[in-house]
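Listed below, chain by chain, are the residues.
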Amino acid sequence: MRADLIVGLQWGDEGKGKIVDLLAQEFDYVVRYQGGHNAGHTIVLDGKKYALHLIPSGILNPKAINVIGNGVVVSPAALIKEMAQFENLQGRLYVSDKAHMIFEHHAAIDAAKEARRGKNAIGTTGRGIGPSYADKVARAGFRIGELLDPKVLVAKMMDYYEEHRPLFEALGVAIPTHEQVAVEIEGYARALAPFIADTTQIVWNAIDRDKRVLLEGAQGTLLDIDHGTYPFVTSSTTIAGGACSGVGLAPKEIGKVIGIAKAYTTRVGNGPFPTEDHGEDGERIRKAGAEFGTTTGRPRRCGWFDAVAMRYACRLNGTDDVALMKLDCLDGFERIKVCVAYEVDGKRIDYVPADLSRVVPVYEEMPGWKSVVGIRHYDQLPETAKQYIQKIEDVVGVRVRLISTSPDRLDTIKR
Ligand code: IMP
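Residue positions are given per chain, counted from 1 along the sequence in the order it is written. Residues qualify for local features only when their pLDDT is at least 70, as the model is predicted, and side-chain atom pairs are given and counted only at 80 or more; totals for whole chains, interfaces and linings, by contrast, use all residues. Values shown for side chains rest on all heavy atoms present in the structure; no hydrogens or waters enter the calculation.

Caption draft 1: A look at the site of the ligand. The immediate surroundings of the ligand are formed by 15 residues, with Asp13, Asn38, Thr125, Thr234 and Arg298 found nearest. Under this definition, polar contacts are N or O atom pairs within 3.5 Å; protein pairs additionally need one hydrogen-donor-capable and one acceptor-capable atom, and for neighbouring residues in sequence, both atoms have to be side-chain atoms. Residue Gly123 places a main-chain N or O atom 3.3 Å away from an oxygen atom belonging to the ligand. Between the ligand and Arg298 there is a distance of 3.0 Å, counted from an oxygen atom to a side-chain nitrogen or oxygen. Protein contact buries 96% of the 470 Å² of open area that the ligand shows by itself. The class makeup of the residues in the shell around the ligand is six nonpolar, seven polar and two charged. We call a residue near a molecule or strand whenever a single non-hydrogen atom of that residue lies within 4 Å of it. We get accessible surface area from the Shrake-Rupley algorithm with a probe of 1.4 Å; when it comes to residues, only the shown protein chains can shield them. Residues are grouped as follows: Ala, Val, Leu, Ile, Met, Phe, Trp, Tyr, Cys and Pro are nonpolar; Asp, Glu, Lys and Arg are charged; all remaining types, including Gly, are polar.

Here it is as C-alpha coordinates:
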(Lines give C-alpha, C1' and ligand atoms only; values in the text may rest on other atoms or scores of the structure.)
Protein backbone atom coordinates (compact mmCIF):
# COMPACT_ATOMS: atom_id res chain seq x y z
CA MET A 1 0.00 0.00 0.00
CA ARG A 2 1.43 3.39 -0.98
CA ALA A 3 1.18 6.49 1.21
CA ASP A 4 -1.23 9.25 0.16
CA LEU A 5 -0.24 12.86 0.53
CA ILE A 6 -1.88 16.19 1.21
CA VAL A 7 -0.13 19.36 0.10
CA GLY A 8 -0.93 23.07 0.01
CA LEU A 9 -0.97 24.48 -3.53
CA GLN A 10 -0.69 28.18 -2.64
CA TRP A 11 1.13 30.13 0.11
CA GLY A 12 -0.14 28.03 3.00
CA ASP A 13 -3.36 28.38 5.00
CA GLU A 14 -5.34 26.68 2.24
CA GLY A 15 -7.51 24.88 4.76
CA LYS A 16 -5.51 21.64 4.76
CA GLY A 17 -6.63 21.14 8.35
CA LYS A 18 -10.24 20.52 7.41
CA ILE A 19 -9.36 18.01 4.69
CA VAL A 20 -6.71 16.21 6.74
CA ASP A 21 -9.18 16.07 9.59
CA LEU A 22 -11.84 14.70 7.25
CA LEU A 23 -9.51 12.10 5.75
CA ALA A 24 -7.62 11.31 8.95
CA GLN A 25 -10.62 9.23 9.98
CA GLU A 26 -9.81 6.81 7.15
CA PHE A 27 -6.08 6.53 7.84
CA ASP A 28 -4.10 4.38 10.27
CA TYR A 29 -1.07 6.68 10.28
CA VAL A 30 -0.77 10.45 9.79
CA VAL A 31 2.77 11.70 9.21
CA ARG A 32 4.28 15.21 9.11
CA TYR A 33 7.35 15.53 6.90
CA GLN A 34 8.55 19.14 7.06
CA GLY A 35 8.11 22.53 8.72
CA GLY A 36 7.67 23.04 12.41
CA HIS A 37 5.45 24.99 14.78
CA ASN A 38 5.23 27.78 12.19
CA ALA A 39 2.26 25.77 10.90
CA GLY A 40 -0.99 25.71 12.74
CA HIS A 41 -4.66 25.03 12.67
CA THR A 42 -7.46 24.72 15.15
CA ILE A 43 -9.79 21.76 15.15
CA VAL A 44 -13.07 21.81 17.04
CA LEU A 45 -14.29 18.42 18.20
CA ASP A 46 -17.28 17.86 20.47
CA GLY A 47 -17.23 21.54 21.37
CA LYS A 48 -13.58 21.49 22.48
CA LYS A 49 -10.92 23.45 20.61
CA TYR A 50 -7.51 21.91 19.87
CA ALA A 51 -4.61 23.97 18.54
CA LEU A 52 -2.26 21.86 16.44
CA HIS A 53 1.12 23.11 15.28
CA LEU A 54 3.40 20.08 15.30
CA ILE A 55 1.26 17.09 16.16
CA PRO A 56 -0.38 15.56 13.07
CA SER A 57 -4.14 15.95 12.71
CA GLY A 58 -4.72 12.22 13.17
CA ILE A 59 -4.39 12.78 16.91
CA LEU A 60 -8.12 13.41 17.11
CA ASN A 61 -8.82 9.97 15.71
CA PRO A 62 -8.22 7.61 18.67
CA LYS A 63 -7.22 4.79 16.32
CA ALA A 64 -4.62 6.67 14.29
CA ILE A 65 -0.89 6.66 14.95
CA ASN A 66 0.78 10.03 14.52
CA VAL A 67 4.33 10.51 13.36
CA ILE A 68 6.56 13.58 13.33
CA GLY A 69 9.09 12.70 10.64
CA ASN A 70 12.79 13.49 10.41
CA GLY A 71 12.22 16.42 8.04
CA VAL A 72 10.33 18.39 10.68
CA VAL A 73 12.15 20.84 12.96
CA VAL A 74 10.83 20.33 16.48
CA SER A 75 10.79 22.79 19.33
CA PRO A 76 10.71 20.44 22.34
CA ALA A 77 9.09 23.20 24.41
CA ALA A 78 6.31 23.74 21.84
CA LEU A 79 5.75 20.01 21.40
CA ILE A 80 5.46 19.36 25.15
CA LYS A 81 2.97 22.22 25.47
CA GLU A 82 0.90 20.88 22.60
CA MET A 83 0.98 17.33 23.97
CA ALA A 84 -0.53 18.60 27.23
CA GLN A 85 -3.89 19.03 25.43
CA PHE A 86 -4.22 15.26 25.05
CA GLU A 87 -4.27 12.21 27.29
CA ASN A 88 -2.81 8.76 26.67
CA LEU A 89 -0.45 9.69 23.88
CA GLN A 90 1.88 6.77 24.50
CA GLY A 91 1.83 4.50 21.45
CA ARG A 92 -0.15 7.11 19.45
CA LEU A 93 2.58 9.65 18.86
CA TYR A 94 6.15 9.19 17.68
CA VAL A 95 8.82 11.73 16.92
CA SER A 96 11.79 10.91 14.73
CA ASP A 97 15.14 10.55 16.46
CA LYS A 98 16.58 12.26 13.37
CA ALA A 99 14.37 15.37 13.54
CA HIS A 100 16.34 18.51 14.39
CA MET A 101 15.47 20.61 17.41
CA ILE A 102 14.60 24.27 17.69
CA PHE A 103 15.81 26.06 20.80
CA GLU A 104 15.10 29.49 22.19
CA HIS A 105 18.21 30.93 20.58
CA HIS A 106 16.92 29.93 17.13
CA ALA A 107 13.82 32.07 17.66
CA ALA A 108 15.98 34.91 19.01
CA ILE A 109 18.23 34.75 15.91
CA ASP A 110 15.12 34.65 13.67
CA ALA A 111 13.79 37.82 15.33
CA ALA A 112 17.15 39.61 15.33
CA LYS A 113 17.74 38.90 11.63
CA GLU A 114 14.24 40.01 10.72
CA ALA A 115 14.78 43.26 12.64
CA ARG A 116 18.04 43.88 10.76
CA ARG A 117 16.34 43.28 7.39
CA GLY A 118 14.02 46.19 8.08
CA LYS A 119 11.73 46.81 5.12
CA ASN A 120 13.18 43.75 3.36
CA ALA A 121 12.07 41.46 6.19
CA ILE A 122 10.67 38.07 5.11
CA GLY A 123 7.87 38.32 7.63
CA THR A 124 8.69 34.99 9.28
CA THR A 125 6.57 33.53 12.05
CA GLY A 126 9.50 34.19 14.39
CA ARG A 127 9.57 30.56 15.54
CA GLY A 128 13.23 29.93 14.71
CA ILE A 129 12.44 27.70 11.73
CA GLY A 130 15.07 29.14 9.35
CA PRO A 131 17.94 29.23 11.88
CA SER A 132 17.24 25.62 12.93
CA TYR A 133 17.23 24.34 9.33
CA ALA A 134 20.36 26.44 8.70
CA ASP A 135 22.13 24.65 11.57
CA LYS A 136 20.97 21.29 10.20
CA VAL A 137 22.41 21.96 6.76
CA ALA A 138 25.58 23.45 8.26
CA ARG A 139 25.93 20.17 10.20
CA ALA A 140 25.80 22.07 13.46
CA GLY A 141 22.30 21.08 14.58
CA PHE A 142 21.00 18.87 17.38
CA ARG A 143 18.73 15.91 16.75
CA ILE A 144 15.90 14.77 19.00
CA GLY A 145 17.59 11.39 19.49
CA GLU A 146 20.40 13.17 21.33
CA LEU A 147 17.98 13.89 24.17
CA LEU A 148 18.46 10.24 25.14
CA ASP A 149 21.97 11.09 26.37
CA PRO A 150 21.41 14.47 28.04
CA LYS A 151 24.91 14.95 29.51
CA VAL A 152 26.63 14.52 26.14
CA LEU A 153 24.06 16.77 24.48
CA VAL A 154 24.52 19.55 27.04
CA ALA A 155 28.31 19.47 26.58
CA LYS A 156 27.88 19.65 22.79
CA MET A 157 25.48 22.54 23.12
CA MET A 158 27.90 24.50 25.30
CA ASP A 159 30.57 23.95 22.60
CA TYR A 160 28.11 25.20 19.99
CA TYR A 161 27.40 28.35 22.00
CA GLU A 162 31.13 29.01 22.39
CA GLU A 163 31.73 28.55 18.66
CA HIS A 164 28.85 30.88 17.79
CA ARG A 165 29.59 33.49 20.48
CA PRO A 166 30.68 36.24 18.03
CA LEU A 167 27.48 35.83 15.99
CA PHE A 168 25.29 35.75 19.08
CA GLU A 169 26.95 38.87 20.45
CA ALA A 170 26.65 40.72 17.16
CA LEU A 171 22.93 39.95 17.02
CA GLY A 172 22.38 40.67 20.72
CA VAL A 173 21.23 37.11 21.43
CA ALA A 174 21.83 35.88 24.99
CA ILE A 175 23.84 32.69 25.60
CA PRO A 176 22.40 30.48 28.37
CA THR A 177 24.55 29.11 31.18
CA HIS A 178 25.55 25.46 31.52
CA GLU A 179 23.11 25.05 34.37
CA GLN A 180 20.22 26.56 32.42
CA VAL A 181 20.92 24.30 29.45
CA ALA A 182 21.23 21.21 31.68
CA VAL A 183 17.89 21.86 33.41
CA GLU A 184 16.17 22.53 30.11
CA ILE A 185 17.52 19.45 28.36
CA GLU A 186 16.80 17.12 31.27
CA GLY A 187 13.20 18.35 31.31
CA TYR A 188 12.81 17.74 27.58
CA ALA A 189 14.41 14.31 27.86
CA ARG A 190 12.03 13.24 30.65
CA ALA A 191 8.96 14.39 28.75
CA LEU A 192 9.89 13.20 25.27
CA ALA A 193 12.00 10.04 25.69
CA PRO A 194 8.98 7.67 25.50
CA PHE A 195 7.99 9.14 22.15
CA ILE A 196 11.37 9.15 20.38
CA ALA A 197 11.65 6.46 17.72
CA ASP A 198 13.08 5.47 14.35
CA THR A 199 10.03 6.74 12.50
CA THR A 200 11.29 5.69 9.08
CA GLN A 201 11.06 2.06 10.25
CA ILE A 202 7.60 2.72 11.72
CA VAL A 203 6.30 4.08 8.41
CA TRP A 204 7.97 1.32 6.37
CA ASN A 205 6.40 -1.32 8.62
CA ALA A 206 3.02 0.34 8.25
CA ILE A 207 3.33 0.36 4.46
CA ASP A 208 4.51 -3.26 4.42
CA ARG A 209 1.50 -4.29 6.53
CA ASP A 210 -0.87 -2.51 4.10
CA LYS A 211 -1.82 0.14 6.63
CA ARG A 212 -3.17 3.39 5.24
CA VAL A 213 -0.63 6.20 5.64
CA LEU A 214 -1.40 9.89 5.09
CA LEU A 215 1.50 12.31 4.64
CA GLU A 216 0.51 15.76 5.89
CA GLY A 217 2.28 18.70 4.29
CA ALA A 218 2.58 22.04 6.07
CA GLN A 219 2.74 25.55 4.55
CA GLY A 220 2.32 25.59 0.76
CA THR A 221 4.03 25.04 -2.57
CA LEU A 222 4.85 28.71 -3.18
CA LEU A 223 6.70 28.81 0.16
CA ASP A 224 9.00 25.95 -0.92
CA ILE A 225 12.68 26.73 -0.36
CA ASP A 226 13.57 25.87 -4.00
CA HIS A 227 10.40 26.39 -6.00
CA GLY A 228 8.69 29.16 -4.05
CA THR A 229 9.09 32.92 -4.16
CA TYR A 230 12.64 32.92 -2.76
CA PRO A 231 13.77 34.50 -0.47
CA PHE A 232 10.21 35.07 0.77
CA VAL A 233 9.73 31.40 1.55
CA THR A 234 10.00 29.03 4.47
CA SER A 235 13.15 26.94 4.93
CA SER A 236 11.84 23.49 4.05
CA THR A 237 10.83 21.46 1.02
CA THR A 238 7.09 21.93 1.19
CA ILE A 239 6.27 20.15 -2.09
CA ALA A 240 5.27 16.48 -2.25
CA GLY A 241 8.86 15.45 -2.98
CA GLY A 242 9.78 16.72 0.49
CA ALA A 243 8.04 13.68 1.94
CA CYS A 244 10.66 11.39 0.39
CA SER A 245 13.53 12.90 2.36
CA GLY A 246 11.38 14.13 5.26
CA VAL A 247 10.16 10.64 6.15
CA GLY A 248 12.49 8.31 4.26
CA LEU A 249 10.24 7.15 1.44
CA ALA A 250 11.07 6.29 -2.16
CA PRO A 251 9.15 8.36 -4.73
CA LYS A 252 7.25 5.26 -5.85
CA GLU A 253 5.93 4.74 -2.34
CA ILE A 254 3.84 7.88 -2.64
CA GLY A 255 0.36 7.17 -3.95
CA LYS A 256 -2.38 9.71 -4.43
CA VAL A 257 -1.50 13.39 -4.09
CA ILE A 258 -4.33 15.66 -2.99
CA GLY A 259 -3.64 19.35 -3.48
CA ILE A 260 -5.49 21.89 -1.38
CA ALA A 261 -6.30 25.39 -2.63
CA LYS A 262 -8.60 28.16 -1.52
CA ALA A 263 -11.13 29.49 -4.03
CA TYR A 264 -9.11 32.73 -3.83
CA THR A 265 -5.53 33.44 -2.75
CA THR A 266 -3.95 34.60 0.52
CA ARG A 267 -0.45 35.09 1.78
CA VAL A 268 1.03 36.04 5.17
CA GLY A 269 4.40 37.69 5.36
CA ASN A 270 6.16 39.58 2.59
CA GLY A 271 7.02 38.77 -0.99
CA PRO A 272 5.41 38.87 -4.43
CA PHE A 273 1.70 38.11 -4.77
CA PRO A 274 0.51 39.01 -8.30
CA THR A 275 -3.25 38.76 -7.67
CA GLU A 276 -3.27 40.62 -4.35
CA ASP A 277 -6.14 43.10 -4.10
CA HIS A 278 -5.39 46.17 -1.99
CA GLY A 279 -8.89 47.58 -2.37
CA GLU A 280 -12.37 46.77 -1.22
CA ASP A 281 -12.46 43.31 -2.78
CA GLY A 282 -9.39 42.16 -0.85
CA GLU A 283 -10.84 43.55 2.35
CA ARG A 284 -14.14 41.84 1.72
CA ILE A 285 -12.44 38.47 1.16
CA ARG A 286 -10.40 38.93 4.38
CA LYS A 287 -13.59 39.50 6.34
CA ALA A 288 -15.56 36.69 4.71
CA GLY A 289 -12.73 34.20 5.14
CA ALA A 290 -11.62 35.45 8.61
CA GLU A 291 -8.15 35.65 7.10
CA PHE A 292 -5.92 36.13 10.11
CA GLY A 293 -2.90 33.89 10.82
CA THR A 294 -3.51 31.01 13.27
CA THR A 295 0.07 31.06 14.53
CA THR A 296 0.76 34.80 14.65
CA GLY A 297 -2.69 36.44 14.34
CA ARG A 298 -1.43 38.64 11.48
CA PRO A 299 -4.01 39.77 8.89
CA ARG A 300 -3.47 37.80 5.69
CA ARG A 301 -3.01 39.53 2.34
CA CYS A 302 -5.94 38.58 0.09
CA GLY A 303 -6.64 38.46 -3.63
CA TRP A 304 -8.09 36.55 -6.57
CA PHE A 305 -7.48 32.98 -7.65
CA ASP A 306 -4.20 32.58 -9.53
CA ALA A 307 -4.66 29.71 -11.96
CA VAL A 308 -1.15 30.12 -13.40
CA ALA A 309 0.50 29.60 -10.02
CA MET A 310 -1.92 26.72 -9.41
CA ARG A 311 -0.96 24.93 -12.60
CA TYR A 312 2.70 25.23 -11.61
CA ALA A 313 1.93 23.93 -8.11
CA CYS A 314 -0.11 21.01 -9.44
CA ARG A 315 2.73 19.93 -11.72
CA LEU A 316 5.40 20.27 -9.02
CA ASN A 317 3.43 18.05 -6.67
CA GLY A 318 2.08 15.55 -9.18
CA THR A 319 -1.38 16.50 -7.95
CA ASP A 320 -4.07 13.93 -8.71
CA ASP A 321 -7.05 15.70 -7.17
CA VAL A 322 -7.71 19.23 -6.00
CA ALA A 323 -9.78 20.21 -2.97
CA LEU A 324 -11.16 23.73 -3.41
CA MET A 325 -11.73 25.35 -0.04
CA LYS A 326 -13.84 28.26 1.20
CA LEU A 327 -15.93 28.64 -1.93
CA ASP A 328 -18.62 30.20 0.30
CA CYS A 329 -16.28 33.10 1.12
CA LEU A 330 -16.78 34.40 -2.42
CA ASP A 331 -20.56 34.52 -1.89
CA GLY A 332 -22.25 37.76 -2.92
CA PHE A 333 -19.58 39.11 -5.28
CA GLU A 334 -21.20 40.35 -8.47
CA ARG A 335 -18.07 39.65 -10.53
CA ILE A 336 -15.21 37.30 -9.68
CA LYS A 337 -11.78 37.52 -11.27
CA VAL A 338 -9.48 34.60 -12.17
CA CYS A 339 -5.87 35.11 -13.23
CA VAL A 340 -5.36 33.03 -16.39
CA ALA A 341 -1.94 34.30 -17.54
CA TYR A 342 0.85 36.72 -16.61
CA GLU A 343 2.47 39.53 -18.54
CA VAL A 344 6.15 40.39 -18.18
CA ASP A 345 7.43 43.46 -20.05
CA GLY A 346 4.30 43.35 -22.19
CA LYS A 347 4.86 39.67 -23.15
CA ARG A 348 2.22 37.11 -22.16
CA ILE A 349 3.48 34.01 -20.33
CA ASP A 350 1.64 31.07 -18.81
CA TYR A 351 4.23 29.83 -16.31
CA VAL A 352 5.75 30.98 -13.01
CA PRO A 353 9.14 32.65 -13.55
CA ALA A 354 11.92 32.77 -10.92
CA ASP A 355 11.06 36.39 -10.15
CA LEU A 356 7.35 36.65 -9.60
CA SER A 357 7.58 40.29 -8.53
CA ARG A 358 7.72 41.48 -12.15
CA VAL A 359 4.59 39.81 -13.47
CA VAL A 360 1.28 41.52 -14.08
CA PRO A 361 -1.81 39.28 -13.85
CA VAL A 362 -4.13 38.87 -16.82
CA TYR A 363 -7.67 38.36 -15.55
CA GLU A 364 -10.86 36.87 -16.86
CA GLU A 365 -14.00 38.10 -15.15
CA MET A 366 -16.84 35.79 -14.33
CA PRO A 367 -20.32 36.31 -12.88
CA GLY A 368 -20.65 35.62 -9.15
CA TRP A 369 -23.37 33.86 -7.15
CA LYS A 370 -25.54 34.59 -4.12
CA SER A 371 -24.68 31.79 -1.70
CA VAL A 372 -23.18 28.31 -1.63
CA VAL A 373 -23.03 28.02 2.18
CA GLY A 374 -23.57 24.50 3.41
CA ILE A 375 -24.24 22.96 -0.03
CA ARG A 376 -23.24 19.28 -0.01
CA HIS A 377 -24.13 18.16 -3.54
CA TYR A 378 -22.55 19.44 -6.73
CA ASP A 379 -25.89 19.56 -8.54
CA GLN A 380 -27.19 22.06 -6.01
CA LEU A 381 -24.45 24.63 -6.71
CA PRO A 382 -25.56 27.74 -8.65
CA GLU A 383 -24.65 27.52 -12.35
CA THR A 384 -22.20 30.43 -12.00
CA ALA A 385 -20.32 28.62 -9.20
CA LYS A 386 -20.08 25.54 -11.43
CA GLN A 387 -18.72 27.73 -14.25
CA TYR A 388 -16.10 29.13 -11.89
CA ILE A 389 -14.94 25.64 -10.89
CA GLN A 390 -14.95 24.57 -14.54
CA LYS A 391 -12.77 27.57 -15.46
CA ILE A 392 -10.26 26.61 -12.77
CA GLU A 393 -10.21 23.01 -14.02
CA ASP A 394 -9.74 24.14 -17.62
CA VAL A 395 -6.83 26.49 -16.92
CA VAL A 396 -5.14 24.29 -14.33
CA GLY A 397 -5.81 20.96 -16.03
CA VAL A 398 -6.69 19.09 -12.83
CA ARG A 399 -10.01 17.81 -11.56
CA VAL A 400 -11.56 19.53 -8.51
CA ARG A 401 -12.86 16.55 -6.50
CA LEU A 402 -13.68 18.18 -3.17
CA ILE A 403 -15.36 21.54 -2.63
CA SER A 404 -15.75 23.05 0.81
CA THR A 405 -18.78 25.23 1.46
CA SER A 406 -18.40 26.00 5.20
CA PRO A 407 -15.94 25.23 8.02
CA ASP A 408 -18.11 22.25 9.06
CA ARG A 409 -16.52 18.92 8.19
CA LEU A 410 -19.78 17.71 6.63
CA ASP A 411 -20.24 20.72 4.35
CA THR A 412 -18.00 19.26 1.69
CA ILE A 413 -19.01 18.32 -1.84
CA LYS A 414 -17.42 15.13 -3.16
CA ARG A 415 -17.38 14.49 -6.92
P1 IMP B 1 9.05 30.93 8.64
O2 IMP B 1 8.56 29.61 8.16
O3 IMP B 1 8.61 31.26 10.03
O4 IMP B 1 10.53 31.07 8.46
O5 IMP B 1 8.39 32.07 7.72
C6 IMP B 1 8.74 32.21 6.35
C7 IMP B 1 7.53 32.58 5.51
O8 IMP B 1 6.61 31.50 5.51
C9 IMP B 1 6.73 33.78 6.03
O10 IMP B 1 6.19 34.46 4.92
C11 IMP B 1 5.62 33.14 6.83
O12 IMP B 1 4.49 33.98 6.94
C13 IMP B 1 5.34 31.93 5.97
N14 IMP B 1 4.72 30.82 6.73
C15 IMP B 1 5.33 29.96 7.57
N16 IMP B 1 4.45 29.06 8.04
C17 IMP B 1 3.27 29.35 7.49
C18 IMP B 1 1.98 28.74 7.56
O19 IMP B 1 1.74 27.75 8.25
N20 IMP B 1 1.00 29.34 6.82
C21 IMP B 1 1.24 30.41 6.02
N22 IMP B 1 2.43 31.00 5.91
C23 IMP B 1 3.44 30.46 6.64
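We are not done yet, so read on.
Caption draft 2: Fine view of the packing of helix α3 (residues 104-117) against helix α4 (residues 129-137). Interaxial angles span 0 to 180 degrees and are taken between N-to-C directions of axes, which are lines fitted to C-alpha atoms, for helices over the stretch in contact. By the criteria applied, helices consist of DSSP H or I runs no shorter than four residues and strands consist of E runs no shorter than two, each listed in order from the N terminus. α4 packs onto α3 with a crossing angle of 115° between their chain directions and a minimal axis gap of 7 Å. It follows that α3 is roughly perpendicular to α4 by the angle criterion. As for the relative orientation of α3 and α4, their crossing is right-handed in sense. The residues of α4 that touch α3, namely those facing His105, His106, Ile109 and Asp110, are Ile129, Pro131, Ser132 and Asp135. Along the lines of polarity and charge, the residues of the contact of α3 with α4 split into three nonpolar, three polar and two charged. Roughly parallel refers to an angle under 35 degrees, roughly antiparallel to one over 145, roughly perpendicular to one between 65 and 115, and oblique to any angle outside these ranges. We call a crossing left-handed when the near helix sits turned anticlockwise from the far one by less than a right angle, and right-handed when that turn is clockwise. In what follows, residue pairs with any heavy atoms lying within 4.5 Å of each other are defined as contacts.

Caption draft 3: Representation of the packing of helix α2 (residues 76-83) against helix α7 (residues 178-192). Orientation of α2 relative to α7, taken along the N-to-C sense of each, is 40°, at an axis distance of 10 Å. Here α2 lies oblique to α7, going by the angle between them. Note that α2 runs across α7; the crossing there is left-handed. Taking contact as the criterion, the partners of Pro76, Ala77, Leu79, Ile80 and Met83 in α2 are, on α7, Tyr188, Ala191 and Leu192. Class assignment for the residues of the contact of α2 with α7 results in eight nonpolar, no polar and no charged.

Caption draft 4: Region of the structure containing the sheet that holds strand β5 (residues 65-68). Here the rule is simple: two strands pair whenever DSSP picks up at least two bridges between them. Ordered by their spatial adjacency, ten strands build an open sheet running β9-β7-β5-β2-β10-β1-β11-β15-β19-β20, and the pairing between neighbours is mixed. Sheet topology places β9 (196-197) and β20 (412-414) at the edges, where each strand pairs with a single neighbour. Relative to strand β19 (residues 399-404), strand β15 (residues 321-325) is paired through four bridges, and the arrangement is parallel. Within β19, the position partnered with Asp321 by the bridge is Arg399.

Caption draft 5: Up close: unusual backbone geometry. Of note, the bond from Tyr230 into Pro231 is cis; its omega dihedral lies within 30 degrees of zero at 5°. Structurally, the position occupied by Pro231 is in the loop between β10 (213-216) and α9 (242-248). In this structure, Asn88 takes a positive phi of about 50° despite not being glycine. By the element assignment, Asn88 lies in the loop between α2 and β7 (93-96).

Caption draft 6: Local environment of the pairing of β7. Pairing analysis gives three bridges linking β5 to β7, with the strands arranged parallel. In the sheet register, Val67 faces β7, and the bridge partner there is Tyr94. As paired strands, β7 and β9 are joined by two bridges and run parallel to one another. Across the sheet, residue Ser96 finds its bridge partner in β9, namely Ala197.

Caption draft 7: Up close: the packing of aromatic side chains. Between 30 and 60 degrees the pair is tilted, below 30 it is stacked and above 60 it is edge-to-face, where a pair is any two Phe, Tyr or Trp rings, Trp via its six-membered ring, whose centres lie within 6.5 Å. Inspection of the entire model under this criterion finds nine aromatic pairs. Ring plane angle 65° and centroid distance 6.3 Å describe the contact between Phe103 and Phe142, whose orientation is recorded as edge-to-face. With Phe103 in the loop between β8 (100-101) and α3 and Phe142 in the loop between α4 and α5 (150-163), this pair connects stretches of sequence that are 39 residues apart. Both residues of the pair, Phe103 and Phe142, count as buried. A ring pair is formed by Trp369 and Tyr388, whose centres lie 5.7 Å apart and whose planes are at 55°; its orientation type is tilted. Here Tyr388 lies in helix α12 (residues 383-396) and Trp369 lies in the loop between β18 (360-367) and α12, a separation of 19 residues in the sequence. Assigned by exposure class, Trp369 and Tyr388 land together as buried. One aromatic cluster in this structure is built from Phe103, Phe142, Tyr160, Tyr161 and Phe168. One Lys or Arg, Arg212, reaches over the ring of Phe27 and ends 4.3 Å from the middle of that ring. The rule for a charge over a ring is simple: NZ of Lys or CZ of Arg within 6 Å of the ring centre, and within 35 degrees of the ring normal. A cation over a ring is seen here: Arg284 above Phe333, with NZ or CZ 4.1 Å from the ring centre. Buried means the residue's accessible area, taken with a 1.4 Å probe over protein chains only, is under 20% of the maximum for its type, while exposed means over 50%, and partly exposed covers the values in between.

Caption draft 8: View of the side chain of Lys262. Within the secondary structure, Lys262 is located in strand β11 (residues 254-262). A polar side-chain atom of Lys262 sits 3.0 Å from a polar atom in the side chain of Glu291. Other than its neighbours up to four places away in sequence, Lys262 contacts Gln10, Asp13, Glu14, Glu291, Arg300, Phe305, Leu324, Met325 and Lys326.

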